[in-house]
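Each chain, letter by letter, is given below.
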Amino acid sequence: AQSVAQPEDQVNVAEGNPLTVKCTYSVSGNPYLFWYVQYPNRGLQFLLKYITGDNLVKGSYGFEAEFNKSQTSFHLKKPSALVSDSALYFCAIPRASGGSYIPTFGRGTSLIVHP
Amino acid sequence: GAGVSQTPSNKVTEKGKYVELRCDPISGHTALYWYRQSLGQGPEFLIYFQGTGAADDSGLPNDRFFAVRPEGSVSTLKIQRTERGDSAVYLCASSFGGSAGGGTDTQYFGPGTRLTVL
């Protein structure tokens, strides 16, 4: 069965510093990988996805993620963090089902950006 | 523009009672998904509809859980004989549906219904 792991429950970073939220995956074959963000009292929002092609994927709000097959990782990054980036971040790996894709989510990482 | 809406936003019930949670998807979206999110966990898939039919219900935990989408738009998640362990945030998402673009069918999530079973 395919899965993702987010090894950090919480990441703390100062505003203006680069941030990384880690995700590793386990799957046979080539994966699709997603990142979602959940702001307080709001629904999950899709950030970016890796399907194929370039290992560096750019997404919403200045976020990017790097697919690394040798390390089975898909870490989320941003060059300069904002206080407003503080939220829960979920890595997900989808499986095909009935014409769509059903994501299996990691446990989430709470990102706290300090002013 | 209207996103995915869910009602009620909060529901408190007693153990053993029946509850219904409603989801209004984005207009024109043929695919609809239900997830459950417990505290400190990521969303856990429950069921997926393509149109009116359940295309994948492998995530429903037991037969106390049931969902319908009779006209291919609004969906209702029904929980019978609620238990304290059912307490969670129930999330609904919708998408255009289909596999066009190979996994690029982005799901749009609603704000969720927080269910508390006392």
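Everything here concerns the structure above.
Model, not experiment: these values are computed from the prediction.

**Some remarks on the overall build of chain B**
Helix and strand counts for chain B come out as zero helices and 11 strands. Ordered by position from N to C terminus, the α and β elements of chain B give β-β-β-β-β-β-β-β-β-β-β. Whereas a compact globule of 118 residues would reach a radius of gyration of roughly 13 Å, chain B reaches 14 Å, a difference of no more than 12%. Based on the C-alpha atoms only, the size of chain B along its principal axes is roughly 45 × 30 × 25 Å. Per-residue burial over chain B gives 47% buried out of 118 residues. Looking at chain B alone, contacts between residues at least 24 apart form 55% of all its contacts between residues at least 6 apart. For chain B, the centre of its 11 positive side-chain charges and the centre of its 11 negative side-chain charges are spaced 8 Å apart.

**Points about the interface of chain B and chain A**
Contacts between the two partners involve 24 residues from chain B and, on the opposite side, 21 residues from chain A. Buried area between chain B and chain A, summed over both chains or domains, comes out near 1,800 Å², and the portion from carbon and sulfur atoms is 53%. At the junction of chain B and chain A, the tally comes to one salt bridge. Across the pair R95 of chain A and D56 of chain B runs a salt bridge, and its minimum N-O distance is 2.9 Å. The interface formed by chain B and chain A includes six residue pairs in polar contact (both at pLDDT 80 or more). With three residues, strand β4 (residues 31-37) of chain B is the single largest residue contributor to the side of chain B that touches chain A. Partitioning the side of chain B that touches chain A into residue classes produces nine nonpolar, 13 polar and two charged.

**What to know about the state of the cysteines**
Taken as a whole, this structure holds two disulfides over all chains when the rule is applied. The disulfide partner of C23 of chain A is C91 of chain A, and the gap between their sulfur atoms is 2.0 Å. Taking the torsion about the S-S bond as the criterion, the C23 of chain A to C91 of chain A disulfide, at about -60 degrees, is left-handed. With C23 of chain A in the loop between β3 (19-21) and β4 (24-26) and C91 of chain A in strand β10 (residues 87-97), the pair connects residues that are 68 residues apart, well separated along the chain. Exposure class is identical for C23 of chain A and C91 of chain A. Each is buried. Each disulfide pairs two cysteine sulfurs, and for C23 of chain B the partner residue is C92 of chain B, the sulfurs being separated by 1.8 Å. Judged by the sign of its S-S torsion, about -65 degrees, the bond between C23 of chain B and C92 of chain B is left-handed. In this pair, C23 of chain B sits in strand β3 (residues 19-24) while C92 of chain B sits in strand β9 (residues 88-95), placing the two residues 69 residues apart along the sequence.

The rules behind each value
- Residues numbered from 1 in each chain as written.
- Chains lettered and ligands numbered in written order.
- Predicted model: local features only at pLDDT ≥ 70, side-chain atom pairs only at ≥ 80, totals over all residues.
- Heavy atoms only, no water.
- Helix = DSSP H or I, 4+ residues; strand = E, 2+ residues; numbered from the N terminus.
- Rg over C-alpha atoms; globule rule 2.2 N^0.38 Å.
- Buried < 20%, exposed > 50% of the residue type's maximum accessible area, 1.4 Å probe, protein only.
- Contact = heavy atoms within 4.5 Å.
- Lys, Arg positive; Asp, Glu negative; His and termini not counted.
- Charge placed at Lys NZ, Arg CZ, Asp CG, Glu CD.
- Buried area = accessible area lost by both parts, 1.4 Å probe.
- Salt bridge = Lys/Arg side-chain N within 4 Å of Asp/Glu carboxyl O.
- Polar contact = N/O pair within 3.5 Å; in protein donor to acceptor, adjacent residues only side chain to side chain.
- Nonpolar A, V, L, I, M, F, W, Y, C, P; charged D, E, K, R; others polar.
- Disulfide = S-S within 2.5 Å.

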